[in-house]
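Working through the structure, step by step
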There are 2 protein chains.
Amino acid sequence: MAKELKDLTSREEDYSKWYNDLVVKAGLAENSAVRGCMVIKPYGYAIWEKMHDALDKMFKDTGHVNAYFPLFIPKSFFSKEAHHVEGFAKECAVVTHYRLKNDPEGKGVIVDPDARLEEELIVRPTSETIIWNTYKNWIQSYRDLPILCNQWANVVRWEMRTRLFLRTAEFLWQEGHTAHATKEEAVEEARKMIGVYRDFAEQWLALPVIVGHKSDSERFAGADDTLTIEALMQDGKALQSGTSHFLGQNFAKAFDVQFTNKEGQLDYVWATSWGVSTRLMGALIMAHSDNNGLVLPPKLAPIQVVMVPIYKGEEELRSIVAVMEGIAAELKAKGISVKIDDRDNVRSGFKFAEYELKGVPVRLAIGPRDLAGGTVELARRDTLTKESVPAEGIADRIENLLEDIQRNIYDKALKFRDSMITRVDTYDEFKRVLEEKGGFILAHWDGTPQTEELIKNETKATIRCIPVDAPAEEGTCIVSGKPSHRRVLFAKSY
Amino acid sequence: MAKELKDLTSREEDYSKWYNDLVVKAGLAENSAVRGCMVIKPYGYAIWEKMHDALDKMFKDTGHVNAYFPLFIPKSFFSKEAHHVEGFAKECAVVTHYRLKNDPEGKGVIVDPDARLEEELIVRPTSETIIWNTYKNWIQSYRDLPILCNQWANVVRWEMRTRLFLRTAEFLWQEGHTAHATKEEAVEEARKMIGVYRDFAEQWLALPVIVGHKSDSERFAGADDTLTIEALMQDGKALQSGTSHFLGQNFAKAFDVQFTNKEGQLDYVWATSWGVSTRLMGALIMAHSDNNGLVLPPKLAPIQVVMVPIYKGEEELRSIVAVMEGIAAELKAKGISVKIDDRDNVRSGFKFAEYELKGVPVRLAIGPRDLAGGTVELARRDTLTKESVPAEGIADRIENLLEDIQRNIYDKALKFRDSMITRVDTYDEFKRVLEEKGGFILAHWDGTPQTEELIKNETKATIRCIPVDAPAEEGTCIVSGKPSHRRVLFAKSY
Ligand SMILES: [Zn+2]
Ligand SMILES: [Zn+2]
């Protein structure tokens, strides 16, 4: 661990290496023996569990239920929805055989060539096809609608360049798949769920996001409209953090899912899908952390308060730990998670550094002088400040402090993000801002995929979204000079 | 639904069809378009979520943490542990390619022949190999031990004959994988976790189980000892419901995982693994249900209390629902889940049958005469009895009733199970009991795999376990006549 602490690269030195170092050294995740697949380590998984629990409650509070659909999708399903097959990435894991056998030459196991599948199976990259093939049997009448299902699952996309949490071959996510009797209801569902994601990002990850529509080129294959939440990382690059798709009747038509409406007529079912993934872990880490390590919003921190005794000798330790256990009991009664670290084989300075690396929001230290004076040393991770405070009333103080920290982390991220939104009116200015400052750029665009692609090719910036709250504003496209009616949001992105 | 209710096969007519009908008609699960893979429907998944939450808490209360390891395992890993490769079933899904492409002939997508993996990947049938390959990097010293990780995941075993929940190609499970500095500690961990499973089966599933060791032939490939919990279904067949393995140093040796012990010497790490799966759903359904449908223990029921208004006209409905909402609020305050079914398009008799099918433990009906007399009609699913009781104090009464029902379901299953354990002393008697009565048979066995196999081939009965609490008892093997020192438990099984 001492070694691990020393080796944390600074953000300024190499942002990308800083991120990777942090993920590994804080014990969040690591690469596995399988190219592009990560191991999510216990500390990282504990954060993901908190995200899971909070999101799952938000889904249930909005009337959704969970279900589970197969990992495998018959290859032919991918050919059924035209846009889906054209537009969707085809980097998928393909299962062709169903048996191993002992190598006749005695070298372990080989794939049994006789056990070839008649039709190849694809490890789900997303589940619209298999789910709509299933919904076909669940839906006859408007009385069977809406269906509001969510699934927590692993999915696989064979990415060539992978980065822990941000882009991995296998990742964990949830995918909501809903079916509705009317277009209006489906559009409203897609809108509602991007709102759930925005609330989750802001209230739990302490991460401000911009909600908007994707452009035609950036839209999910098979969707009529894709809503997104876009967050800004500390290096000025955007990170798409969640999407919600209005799928129209595309999948219903592809899988022939019709229902009898209230008027007794047959119609195709309207659909949405929406998802967030372990990518949110990457957003969380990159948005708030610093050169000392992780900075975790208290609401997602596996350990919210760590206590470190400063002592000489067994007796002093016992007295200090007794006080700590009293405080810990009070904190636990408030639902606050606490750890007392009384390890005797590492110095307290080492412990301090370790919990800074791990992003524990509040650290409490008690030494002999505190014991005598009825004080404790209280340190907060977000500001790296500490103060001596009375031990009396400490549990209430910490409860409030955790709320302060949650708010402060959000405010800091919001201030940074807002400082990194630049309005530009010429392409030269666009390129200069992108080069010198980065961040989000609000600019006029003529709405054509040609201009969008030209900008992407020349600058690597893409349209992150057309913000839902973008005010109508007449202007001219920075590239073509053609008329535009609102600004759209550009950025380089992960 | 009317149709569904009518079509439920009776247990006596065809037990196997009764089970399958029940799973499908109660909305628990169904077969998917992918052979052997099931869709777990919302009502079934809601039960699994309750199992998940209860087990997860038990794991955490015993010091375990969750993590996540890759879905894919390099083929070569299967050759590393000799017993594992020899003994483990090789029916696995094999990934050979990583890309699809558009069919040049325009017929959808095909597998890109240029995208062949250098080494095939196996979809995990269980994760010992990939996890021990990972643990190698986590363990240097005794201070890194124990590692007490659990994983909630999907796994795939290419079963030829599948049955919903009981045996499916893909299933959901948890797999604990622990690493220890000493043999004693690992043995104790394996023992502790089978105890957790026993407690969970008894307290949550209301399912009595027999804990014991597997015979050498039935042991998990790669384990030195396998502990199991064995439950009895209503048709007299056993169902293995959970296993906990002491793995010795087998995987540590296969993946070269050594550590420096307290004495400063290098040693191989000791291991356990343990798991339960969605198979428990099958056990739950088969153990308690009847010809009217599911019987769910209240602790696992997604809806614990359903209320059905019996009314004529809008006004009566409103008055009754108002009373029900008052009761519902009281119940919810006690943490009891409630549904008020005020649908006006189905008769109440239909609703009664539907909730019986779905196994809702308590049904409360209120009609105009109840309204006038201050009573409610209270029906319990386990006994199919009903009574008129005062509305006054109904929430407390229901709270107690749910506990009664949980206990009664367990007691009934225990009584049945105990009535189905037969001690036999001759092979003729063994065959006769197996044929005429079924259930568990306690008999002397000479301890050889030859005798075990002979019995299996001749009768289809296997040794379910050598019960941990089997008293020492001198006897002679029912087949060979050789000396035996304790009885072992035989049965036909799922
Ligand atoms: Zn205009
Ligand atoms: Zn003896």
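Just so it is clear, the structure is predicted and the values come from calculations on it, not from any experiment.

Rules and cut-offs
Residues numbered from 1 in each chain as written. Chains lettered and ligands numbered in written order. Predicted model: local features only at pLDDT ≥ 70, side-chain atom pairs only at ≥ 80, totals over all residues. Heavy atoms only, no water. Least-squares fit on C-alpha atoms with pLDDT ≥ 70 in both. Contact = heavy atoms within 4.5 Å. 1 Å grid on protein atoms, 1.4 Å probe; cavity = no way out; pocket = protein on both sides within 12 Å on 5 of 7 lines; lining within 4 Å. Points joined across faces, edges and corners; volume = space filled by probe spheres on them. Nonpolar A, V, L, I, M, F, W, Y, C, P; charged D, E, K, R; others polar. Phe/Tyr/Trp six-rings, centres within 6.5 Å; stacked < 30°, edge-to-face > 60°. Helix = DSSP H or I, 4+ residues; strand = E, 2+ residues; numbered from the N terminus. Buried < 20%, exposed > 50% of the residue type's maximum accessible area, 1.4 Å probe, protein only. Lys NZ or Arg CZ within 6 Å of the ring centre and 35° of its normal. Pairing = 2+ DSSP bridges. Axes fitted to C-alpha atoms, helices over the stretch in contact; angles between N-to-C directions. Donors = N, O, S within 2.8 Å, 3.2 Å for Na, K, Ca; no water. UniProt positions renumbered as here; feature names shortened; annotations may be inferred. Buried area = accessible area lost by both parts, 1.4 Å probe. Salt bridge = Lys/Arg side-chain N within 4 Å of Asp/Glu carboxyl O. Polar contact = N/O pair within 3.5 Å; in protein donor to acceptor, adjacent residues only side chain to side chain.

1. Focus on the relation of the copies chain B and chain A
Each copy superposes on the other: chain B lies on chain A with an RMSD of 0.0 Å after a rotation of 180 degrees and an axial shift of 0.0 Å. The transformation relating the two chain copies, once decomposed into turn and shift, fits a two-fold axis. When each C-alpha of chain B is compared by its distance to the rotation axis, Val 95 of chain B comes out closest, at 2.1 Å. Of the interface residues in chain B, 100% have counterparts in chain A that sit at the interface too, so the contact is made through matching surfaces.

2. Some words on empty space enclosed by the protein
Considering all chains together, one arrives at four cavities of 30 Å³ or more under this definition. In this structure, the largest cavity encloses a volume near 70 Å³. Taken together, Phe 78, His 84, Val 85, Phe 88, Ala 89, Lys 90 and Cys 92 of chain A together with Leu 100 and Val 109 of chain B make up the full set of residues lining the largest cavity. Counted by class, the lining of the largest cavity contains seven nonpolar, one polar and one charged residues. By volume, the second largest cavity amounts to about 50 Å³. As for the second largest cavity, its lining consists of Leu 100 and Val 109 of chain A together with Phe 78, His 84, Val 85, Phe 88, Ala 89 and Lys 90 of chain B. Across the lining of the second largest cavity, the residue classes break down as six nonpolar, one polar and one charged.

3. Focus: the packing of aromatic side chains
Inspection of every chain in the model, using the stated rule, returns 34 aromatic pairs over all chains. Ring centres 5.4 Å apart and planes at 40 degrees place the aromatic pair Tyr 135 of chain A and Trp 138 of chain A in the tilted group. Placement of both Tyr 135 of chain A and Trp 138 of chain A in helix H5 (residues 128-138) is noted, with a separation of three residues, approximately one turn of the helix. Under the relative-accessibility criterion, Tyr 135 of chain A is labelled buried at 0%. Look at Trp 138 of chain A and you get buried, because its relative accessible area is 13%. Among the aromatic residues, ring-to-ring pairing joins Trp 48, Phe 59, Trp 152, Tyr 197 and Trp 274 of chain A into one connected group. The ring of Trp 204 of chain A is capped by Lys 299 of chain A, whose NZ or CZ atom sits 4.7 Å from the centre of that ring. Across the ring face of Trp 18 of chain B, the terminal group of Arg 11 of chain B is positioned such that the distance to the ring centre comes to 5.9 Å.

4. Here we look at the sheet that holds strand S5 (residues 94-97) of chain A
With respect to topology, six strands assemble into an open sheet ordered S4(A)-S8(A)-S5(A)-S5(B)-S8(B)-S4(B), the strand pairing being antiparallel. Each having just a single partner strand, strand S4 (72-74) of chain A together with strand S4 (72-74) of chain B make up the two edges of the open sheet. Sheet twist, expressed as the average angle between the axes of neighbouring strands with direction ignored, equals 45 degrees. Here three bridges tie S5 of chain A to strand S8 (residues 116-123) of chain A, and the two strands are oriented antiparallel to one another. Looking across to S8 of chain A, one finds that His 97 of chain A is bridged to Arg 116 of chain A.

5. Topic: the coordination of the zinc ion (ligand 1)
Any two of four tetrahedral donors ideally make an angle of 109.5 degrees at the metal, while pairs among six octahedral donors ideally make 90 or 180 degrees. Residue and element names in this part refer to chain A. The coordination sphere of the zinc ion (ligand 1), as far as protein atoms go, consists of Glu 474 (OE) and His 485 (ND1), spread over 2.2 to 2.7 Å. Highlighted residues: Glu 474 in the loop between strand S24 (462-467) and strand S25 (475-476) and His 485 in the loop between strand S26 (483-484) and strand S27 (487-491), separated in sequence by eleven residues. Under the relative-accessibility criterion, Glu 474 is labelled exposed at 60%. On the accessibility criterion, His 485 (46% relative accessible area) is partly exposed.

6. Focus on the UniProt feature "domain: Aminoacyl-transfer RNA synthetases class-II family profile" (unreviewed entry) in chain A
Here, UniProt's "domain: Aminoacyl-transfer RNA synthetases class-II family profile" (unreviewed entry) annotation points to residues 30-297 of chain A. Each end of residues 30-297 of chain A is marked by a C-alpha atom, and these two atoms are 22 Å apart; helix forms 27% of the span and strand 32%.

7. Some words on the interface of chain B and chain A
If you look at the interface, chain B gives 66 residues, while chain A gives 66 residues. Here chain B and chain A share an interface that buries about 5,400 Å² over both sides, 66% of which is from carbon and sulfur atoms. Scanning the region where chain B abuts chain A turns up four salt bridges. For the salt bridge of Glu 91 of chain B with Arg 99 of chain A, the shortest nitrogen-to-oxygen distance reads 3.0 Å. At the boundary of chain B with chain A, the tally comes to 30 residue pairs in polar contact (both at pLDDT 80 or more). Of the residues that constitute the side of chain B that touches chain A, the class distribution is 39 nonpolar, eleven polar and 16 charged.

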